Amino acid sequence: MSFQIRSFEAYQKAWGKSQDTPDEFWRDIANTFDWMEPFSSVKTGNFQEEHVRWFEDGKVNITANALDRHLPTKAHETAILWEPNDPNESTRKLSYTELSDQTCQFGNALKSLGVKKGDRVVLYMPMTPELAIAVLACARIGAVHSVVFAGFSAQALADRIEDAQAKVVITADEGRRGIKTTPLKATVDAAIANSTFVESVVVQKVTGADCQMESGKSIYWHDLIAGHSTICPPEPMDSEDLLFILYTSGSTGKPKGVVHVHGGYMVYAGYTFSNVFQYEPGDVYWCTADVGWITGHSYIIYGPLLNGATTLMFEGIPTYPDPGRFWEICAKHQVNQFYTAPTAIRSLMAAGTEPVLRHDLSSLKVLGSVGEPINEEAWQWYHDIVGQKRCPIVDTWWQTETGGIMISGLGGLSPQKPAHAGYPIPGIHPVLLDPNGQEIKENNVEGLLCIAHPWPSMIRTTYGDHERCRNTYFNPFPGHYFTGDGAKRDEHGMYRIIGRVDDVINVSGHRFGTAEIESAINETAGAIESAVVGFPHDIKGQGIHAFVILDAKSIHLTVDQLEQAAQNAVIHSIGKIACPDRIQFVTSLPKTRSGKIMRRILRKVAEGEFESFGDTSTLLDPTCVDLLVSGAKQLKTK
Ligand code: PRX
C-alpha cells in the first residue's frame, strides 16, 4: 500500500503532517481507495457540532475495496484461511475470487429475502468463514450488519435485535468451542419469540444438530443460496451511510449501538492495519478475537481484506485440545503477525513455556495486544517466550467507538516500553485533561484521556439516540472526544493506559457496565439492591465483585442457592461471560446521606484493601464498612 510507513522518522513526519494539514493528509490516504464518485470535502464539522462527516458526497462501497479491487492481482491468493475448532478437521481456504463469489451469492440471497439498503441484519454466529461472508454480503448490498457475540444470552440478543429493529437474523444450528457446543438457533428462537421485526432466520449448518425450522421463517444457508448468481454489483453508498451497528456497554443504562459508516471507517481500518502490523504481501496474519467484538470487525475482516491480506480465522479456543493450540496454529500456517488479548497471554502463561517451545514460531514477525492494559509480566513473557526476543510487540489502544487503533507502536519501527501503548497513530491527537477539563501539559501525571480532533472512523452516533452519543462522548469536555479511560504520558510522549475511569468493568477484554450487571442481579428473587465493582484478577484483568442486599424472606435459602440464583439471573440477562466472580450478601451498602453509593469503598473492599478508607464521615451509617470487610474476608474467588 502506498500509505505504508517504513521508518520511525517517516512516522514522525506523517504525524506532523496530519496535524499541520489534516485535510490534505486524509485526502491522500482516502484517494488510494476506489471511490465510485469522488468526495467533495474531506471533513465537515467538528466535535462541538451535532455531526462530523468525512469524505462527504463521495460514493463508495467498502466491499468493492476489500474484494473487487484485489481481483485483478490476487484472484487466487488466500483471503481467508480458516482453522476449525477440532484440529483433526480440515482447514478451509477461500481465495479472493471465492470470497468475492460467495459474498455476492449470499448478498443476492439476502435480497431474495427482501433485505434492502439500510435494513438491519443481526448476525449471531460462530467463527466460521460464513460469518465473514455474511458481514461482507450485508455491506455489499447496503444493509447494516450488527454482529452479536454468540456468547450473549437470548435476552441480550433480543434487546439488540429490538433496538436495531432487525429484519433478518443469521445464525447457525450450533456453535463449537472446545468440547462445548452451544445451541445458537434455539437461542435465536427464544430471542425472537415476541419480535415484530424479524421476518427470516438464516441457519448455517455447523454440527448438523436438529433444530426447529418454522416454515416460511427459517431457512438453511445452503438452501437459501442455491441458484443465486455470484454476480452482485456493490451498492453505491454515501460515504456517511451506515455500515454497521455494534453494541457495547457504557456506564449507564443498556448497551448502546455504536454506529460506523462506509467511507471513514474503511479509510481508517485500512490505513491502521497496514501500518500497525507492517503487513507485507504474502504474510499470514492472525487475530484471535471474535468477530462479535470490534477487534474482529476491524482487524479480522475489514482491515486485512482492504489490504489484500491473508487473514486467519479460528473457530476454537486457546486451550483446546491443549494449551499449545495457538502456537500449533502459528507453526502450521506460518503466521507472521499474531494479535491477541492480555487475558489469553496470561492464561497461556500459566500453562508454562513447554506448550510454546514445542512449536516452531520462527515465522512470527510482529506480536499484538489489545483490549486491556497488558501487565509487565505478561508483556515480558509474550516478548521473550512467544516472540523469542525477536518480535516487536504492538500494544494497541482503541475502542469500539474509535473504529480503529488509536495509540500503538508500528511493528518494528517504534520504540517500545512494556505496558505502554506508545505513540498516537498519525491523524490522532490525544490529550490528557483534569476533571475540570484543563489540559495537563506535564508528563508522568495521570489524566483523563481525550482526543482533540476528529478522525475518519470515529463513532457517528448511538443508534436511535444521538443525544446519548453527544452526552457520553462529546459533551463532558466540549471540543474533545472523551474516551472514559485514564492515562499517563511519559517524558518521551509515550502513553500508558491505566484503565476505565467510569463504571465500566473490563473482564478478559470485554466491557460490561456495572449498571447492566446490577439490574440483572436485581431480577433475582429476594434481591433488593446490588452494587457491582471490578477487582484485579490474575487472568481476566478485572473480576466482578457483586454486593447484594437480600430481602429477609429469602433467608430460608442457603447461601449457595442464593448465589446460584444471582448467577443465573446474570446468565439469563447477559450471558455467562458477565457472571460475577464473587457474590457477597450484605445487609446494607455504604451510602451517603443523599443516597449515593460510595463505590470507592466497595472497590477497596473488593481489592482486599481493608484499611484506610479515607473520609467516611459523609456515610449515613459508617459501621457498615466493618461489616463489609468481615464479609469480604470470608469470601473466595470462584
Ligand atoms: O479501557 C480501554 C480498554 O478497552 C476499552 C475499549 O473496549 P472495547 O470497546 O470493548 O474495545 C476493545 C478492543 C479495542 C478501552 O476504553 N483497552 C483497549 N485496548 C487497550 C485497552 N486498555 C489498555 N491497553 C490497551 N491496549
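Nothing here was measured: the structure is a model prediction, and the numbers come from that model.

Enquirer: Let's hear about the packing of aromatic side chains: which residues, and what values?
Expert: Using the criterion set out here, one finds 43 aromatic pairs in the structure. On the basis of an interplanar angle of 55° and a centroid distance of 5.6 Å, the ring pair of W54 and F55 is categorised as tilted. Aromatic side chains F273 and Y279 sit 5.6 Å apart centroid to centroid with 40° between the ring planes, which places their arrangement in the tilted category. The buried category is assigned to Y279, whose relative accessible area is 7%. An aromatic cluster is built from F3, F25, W26, F33, W35, F39, W54, F55, Y268 and Y271, whose rings are joined through pairwise contacts.

Enquirer: Would you mind going over the sheet that holds strand β24 (residues 495-500) in detail, with residue names and values included?
Expert: The strand order across the open sheet formed by four strands is β21-β22-β23-β24, and the pairing between neighbours is antiparallel. The outermost strands of the open sheet, each flanked by one partner alone, are β21 (430-433) and β24. Each strand of the sheet is rotated relative to its neighbour by a mean of 45°, with strand direction disregarded. Inspection of the sheet shows strand β23 (residues 481-489) paired to β24 by five bridges, in the antiparallel sense. The residue bridging K488 from the neighbouring strand is R496, located in β24.

Enquirer: Give a description of the sheet that holds strand β19 (residues 366-370) that names residues and reports values.
Expert: Within the open sheet, the seven strands sit side by side as β5-β4-β17-β16-β18-β19-β20. Their pairing is mixed. Two strands lie at the open edges of the sheet, namely β5 (92-95) and β20 (393-396), each paired on one side alone. Mean inter-strand twist for the sheet, computed between neighbouring axes without regard to direction, equals 20°. The pairing of strand β16 (residues 284-287) with strand β18 (residues 337-340) spans three bridges and is parallel. Paired with W286 across the strands is F338, a residue of β18. Sitting on the sheet, helix α5 (residues 96-112) is in contact with β4 (78-83) and β5, with an inclination near 85° to β5. Across the sheet, helix α6 (residues 129-141) is in contact with β4, β5 and β17 (310-314); its angle to β5 comes to roughly 25°.

How each quantity is defined
Residues numbered from 1 in each chain as written. Predicted model: local features only at pLDDT ≥ 70, side-chain atom pairs only at ≥ 80, totals over all residues. Heavy atoms only, no water. Phe/Tyr/Trp six-rings, centres within 6.5 Å; stacked < 30°, edge-to-face > 60°. Buried < 20%, exposed > 50% of the residue type's maximum accessible area, 1.4 Å probe, protein only. Pairing = 2+ DSSP bridges. Helix = DSSP H or I, 4+ residues; strand = E, 2+ residues; numbered from the N terminus. Axes fitted to C-alpha atoms, helices over the stretch in contact; angles between N-to-C directions. Contact = heavy atoms within 4.5 Å.

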